[in-house]
Amino acid sequence: MCNPDVVQQFHNPDTIFILAFAIILLNTDMYSPNIKPDRKMMLEDFIRNLRGDEDEVICLPLTASLHAFTTHSDTDRKHL
């Protein structure tokens, strides 16, 4: 298993699939020309979308870094 320490922090095995799907949706949201710039998903929206059944939030530092990496352009990524 890759990164067992990271995987162990998720209480539900489906969380990894939910996180993967959320990243795909975030990427689509950020780079679709059909979505107006003022309607793009902000970090707060991304975190809200990842809340579990009991308002459990996936690791905030991980969530924030995934959002930052996805929303920055290729030239900005050199600094991440």
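This one's a predicted model, so the numbers in the text were calculated from it and none came from an experiment.

A. Just the overall build of the protein chain, in detail. A count of helical and extended segments in the protein chain gives five helices and zero strands. N-terminal to C-terminal, the α/β element order of the protein chain is α-α-α-α-α. Here the protein chain, with 80 residues, has 22% of them falling under the buried criterion. Sequence separation of at least 24 residues holds for 46% of the intrachain contacts in the protein chain that already meet a minimum separation of 6. When the accessible area of the protein chain is evaluated, it comes to approximately 6,200 Å², of which 58% is carbon and sulfur surface.

B. Representation of the confidence of the model for the protein chain. Across the protein chain, the average pLDDT comes to 77, with 78% of residues at or above 70. No element of the protein chain has a lower mean pLDDT than helix 5 (residues 74-77), which averages 48, and none a higher one than helix 2 (residues 14-31), which averages 87. pLDDT under 50 marks residues 75-80. Its contacts with residues more than four places away, or in other chains, come to seven contacts.

Parameters and conventions
Residues numbered from 1 in each chain as written. Predicted model: local features only at pLDDT ≥ 70, side-chain atom pairs only at ≥ 80, totals over all residues. Heavy atoms only, no water. Helix = DSSP H or I, 4+ residues; strand = E, 2+ residues; numbered from the N terminus. Buried < 20%, exposed > 50% of the residue type's maximum accessible area, 1.4 Å probe, protein only. Contact = heavy atoms within 4.5 Å. Areas by Shrake-Rupley, 256 points an atom, 1.4 Å probe, with all protein chains shown as cover. pLDDT = per-residue confidence, 0-100.

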